[in-house]
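Examination of the molecular architecture
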Amino acid sequence: MDVAAWVRAGAAVLEQERDRLNRLDADIGDGDHGANMTRGFKAAAERVASGAPAADALRTVGMTLLSTVGGAAGPLYGSFFIGLAGGLRDVSDADADVWATALEAATAAVQRRGKAEPGDKTMVDALVPARDALRGAAAGASLQEALQAAADAAQKGAEATVPLLARKGRASYLGERSIGHQDPGATSTALLLQALAATADEQ
């Protein structure tokens with residue numbers, strides 16, 4: 001898969017959803033998640049060359065996000081893409097099983113960085129269901145089908161953050177007032193995984 005195409009698709013959907021992500025973040029955070037993610041992915045799309053090896057491209061994305069996305073999202077998304085890169089190193093034609101292993105590595109990297117578990121109302125609540133769905137589909141599905149299963153699971157995971165009490169990050173300072181709001185990080189994670197599945201479908 002051409003990672004640059006995914007990053008361009010991700011940048012486009014984040015731009016489209018920027019105001020919604022900002023509103024979600026305004027409910028329980030600083031209100032700038034959409035703006036930060038849009039800025040970071042625009043920069044990443046400009047730096048990743050089409051046709052570059054997947055691991056190299058993903059590492060470039062991760063390093064770019066680390067330096068351009070503000071707040072906690074930069075280190076978390078940087079860790080995510082660098083973790084993906086590690087899972088795809090030395091792989092020329094990654095199938096669903098390889099991507100499942102890469103997503104497992106990326107999810108673990110995010111959890112190491114943020115110390116979050118499922119149920120804490122973070123991007124992990126989208127990532128873990130996506131990881132599990134991709135692994136479950138990898139054995140008998142095409143890459144696109146498996147990635148779509150992961151994206152759908154991530155979307156459900158993001159929606160399931162609404163009734164949760166935030167236990168990590170700035171939102172945790174709100175206590176019970178964080179209940180009733182969808183987590184912006186889980187939402188942007190789901191958007192990016194939908195962009196990944198759509199990119200796989202086009203290639």
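The coordinates are above.
Okay, so let's go over this structure. Note that this is a predicted model, so its numbers are computed, not measured.

So, how was this worked out
Residues numbered from 1 in each chain as written. Predicted model: local features only at pLDDT ≥ 70, side-chain atom pairs only at ≥ 80, totals over all residues. Heavy atoms only, no water. Axes fitted to C-alpha atoms, helices over the stretch in contact; angles between N-to-C directions. Helix = DSSP H or I, 4+ residues; strand = E, 2+ residues; numbered from the N terminus. Parallel < 35°, antiparallel > 145°, perpendicular 65-115°, else oblique. Left-handed = near helix turned anticlockwise from the far one by under 90°. Contact = heavy atoms within 4.5 Å. Nonpolar A, V, L, I, M, F, W, Y, C, P; charged D, E, K, R; others polar. Expected span 1.5 Å × (residues − 1). Buried < 20%, exposed > 50% of the residue type's maximum accessible area, 1.4 Å probe, protein only. 1 Å grid on protein atoms, 1.4 Å probe; cavity = no way out; pocket = protein on both sides within 12 Å on 5 of 7 lines; lining within 4 Å. Points joined across faces, edges and corners; volume = space filled by probe spheres on them.

Some points on the packing of helix α8 (residues 143–159) against helix α9 (residues 184–202)
For any two helices packed against each other, the geometry is given by the interaxial angle and the distance between the axes. Contact geometry for α8 and α9: axes closest at 8 Å, N-to-C directions at 165°. One way to sum up the angle between α8 and α9 is to call them roughly antiparallel. For the element pair α8 and α9, the recorded crossing hand is left-handed. When α8 is examined against α9, the residues Q144, L147, Q148, A151, D152, A154, Q155 and A158 are found in contact with a partner set consisting of A186, T187, A190, L193, Q194, L196, A197, A200 and D201. A per-class count over the contact of α8 with α9 returns ten nonpolar, five polar and two charged.

Looking at α8
Given a rise of 1.5 Å per residue, 17 residues ought to cover 24 Å, and the 24 Å separating the end C-alpha atoms of α8 matches this to within 8%. Buried within α8 we find Q144, A146, L147, A150, A151, A153, A154, G157 and A158. Buried-residue contacts for α8 involve α6 (96–114), α7 (124–138) and α9.

A look at empty space enclosed by the protein
Per the stated rule, a full pass over the model turns up one cavity of 30 Å³ or more. Of the voids in this model, the largest cavity is the one considered here, and its volume is about 50 Å³. Considering the residues around the largest cavity, the lining is formed by W6, F80, L84, W99, L103, L134, L147, A150, L193 and L196. Going through the elements one at a time, α5 (73–87), α6, α8 and α9 are the ones with two or more residues in the lining of the largest cavity. Considering only residue class, the lining of the largest cavity consists of ten nonpolar, no polar and no charged.

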